[in-house]
Amino acid sequence: MFVPCDRGGASAGSDFKGFTLLMPAVSVGNVGQLAIDLVISTLDMTKVGYFYTDCLVPMVGNNPYATAEENSMELSINAEVYSLPSKKLVVLQIRSPFIKNKYRPFCQTLLSWVKSSKCARIVLLSSSHAYQRDDEQLLGTPLRYLLTPDLEKAVGGLMQELSWKEMEKVAAYPGINDTEKVLHIPGGGITKLLFTESCSKGIQMAVLLKFCSEGDNIPDAFALVNYLNEWLQLIKSESNNSTDTSSQWKIPSSWRLLFGNGLPPALF
C-alpha cells in the first residue's frame, strides 16, 4: 500500500495519472536496484512516499542520496517512492529481499496500486543468470526486453527501430521436447510472475533485463540504465553516440560503501 509523505501533501504525492512507474526486480547482482539508484540520483527525484508491505524484509538506513550533511541523517526504508512530474516519472525503489512465499501477494498489491493511481505503464529493470543462457541467448547483446500485449501495440515498432532483442523462450523439456517453449528467467526474482500477472490483467508493462553474474555489478547497472535511456530518453547524450551516456549518470554517495571498508593494513 502506498503511503504519501507529509511534506508533499497526500494529493501531491499520489496523483500519478499518466505516469510511467519505474521499478527494479530484486534479482541477480542487484542490477535493477543499482540502475534505479542512478536514475533517482541523476534526476534528483523527490521522495513522495513509501510502499508499506509485509512482503519485504524490514530495514532502515541513512539517506542513500545524501548530498550534504544536512540531509545525510534522513532515514530510508525498504520500499520508497520518488517522483519527477516534469517527466511523468514515478520510481519505486526496493532495498531489501522478499520474504519467502510473498512474491504473489506483493505483485497483487503492486498492480492494484498501479490501477488505482492510474499509472500509464510499468517498466521493470531486472537481470538473469548469465550461466543459464541457452545457445541462442549467447549470441549478440546480453540485454533483452519483454512487452505485455497491451504495450506491444503501443511501442512494439519503436523496439524494432532500436534493434532491441526480445527475450527468447526456451524449451520446457530440453532434450526431450524442444517444440514446447516457455519463458524462463533464472535469478530474476519477481520478474516472470509480475510480467505474467500484468499480461492477464491487461496492464502495460515492459521488462528490461541484462544477463550477468554476481560480483561487481556496477558496469551491468550502467549498461542497463543506458539501455533504458535509449527508449525513455531520461537524459540527453552530450556526445555524438546517442547511447553513450555513462559519464552523465550521477553516482549516489551511498555507493562509496558498496563493498564495505578496505582491508586492514595489519593483515599484511
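Participant: Got a sec to walk through the sheet that holds strand E3 (residues 46-51)? Specific residues and values, please.
Facilitator: The 8 strands lie next to each other as E1-E3-E6-E7-E2-E8-E12-E9, forming an open sheet whose pairing is mixed. Lying at the two open borders of the sheet, with one neighbouring strand each, are strand E1 (2-4) and strand E9 (143-147). Here the strands of the sheet are splayed against their neighbours by 25° on average, with no regard to which way each runs. Bridge count between strand E2 (residues 20-24) and strand E8 (residues 121-129): 5 bridges; the pairing is parallel.

Participant: Break down the state of the cysteines for me, with residues and values.
Facilitator: Under the definition given, this model contains 0 disulfides. For Cys5, which is in no disulfide, the shortest distance to another cysteine sulfur is to Cys119 and amounts to 16 Å. Residue classification places Cys5 among the buried positions, given a relative accessible area of 13%.

Participant: Can you break down the pattern of salt bridges residue by residue, with the values?
Facilitator: Inspection of the entire model under this criterion finds 7 salt bridges. Of the charged contacts in the structure, one is a salt bridge between Lys102 and Asp54, with a shortest N-O distance of 3.6 Å. Remark: Asp54 occurs in the loop between E3 and strand E4 (60-62) and Lys102 occurs in the loop between strand E7 (89-94) and helix H4 (103-117); sequence separation between them is 48 residues. Three or more residues are tied together by salt bridges with common partners; here these are Lys47, Glu80 and Arg95.

Participant: Please set out the packing of helix H2 (residues 31-43) against helix H7 (residues 218-232) residue by residue, giving values where relevant.
Facilitator: It is at 8 Å that the axes of H2 and H7 come closest, and there the two elements cross at 65°. In this structure, H2 crosses over H7, and the sense of that crossing is right-handed. Listed contacts from H7 to Val31, Gly32, Leu34, Ala35, Leu38 and Val39 of H2 are Ile218, Asp220, Ala221, Phe222, Leu224, Val225 and Leu228. Its residues assigned to classes, the contact of H2 with H7 shows 11 nonpolar, 1 polar and 1 charged.

Conventions adopted
Residues numbered from 1 in each chain as written. Predicted model: local features only at pLDDT ≥ 70, side-chain atom pairs only at ≥ 80, totals over all residues. Heavy atoms only, no water. Pairing = 2+ DSSP bridges. Helix = DSSP H or I, 4+ residues; strand = E, 2+ residues; numbered from the N terminus. Axes fitted to C-alpha atoms, helices over the stretch in contact; angles between N-to-C directions. Disulfide = S-S within 2.5 Å. Buried < 20%, exposed > 50% of the residue type's maximum accessible area, 1.4 Å probe, protein only. Salt bridge = Lys/Arg side-chain N within 4 Å of Asp/Glu carboxyl O. Left-handed = near helix turned anticlockwise from the far one by under 90°. Contact = heavy atoms within 4.5 Å. Nonpolar A, V, L, I, M, F, W, Y, C, P; charged D, E, K, R; others polar.

Interpretation in functional terms is not warranted from these geometric data alone.
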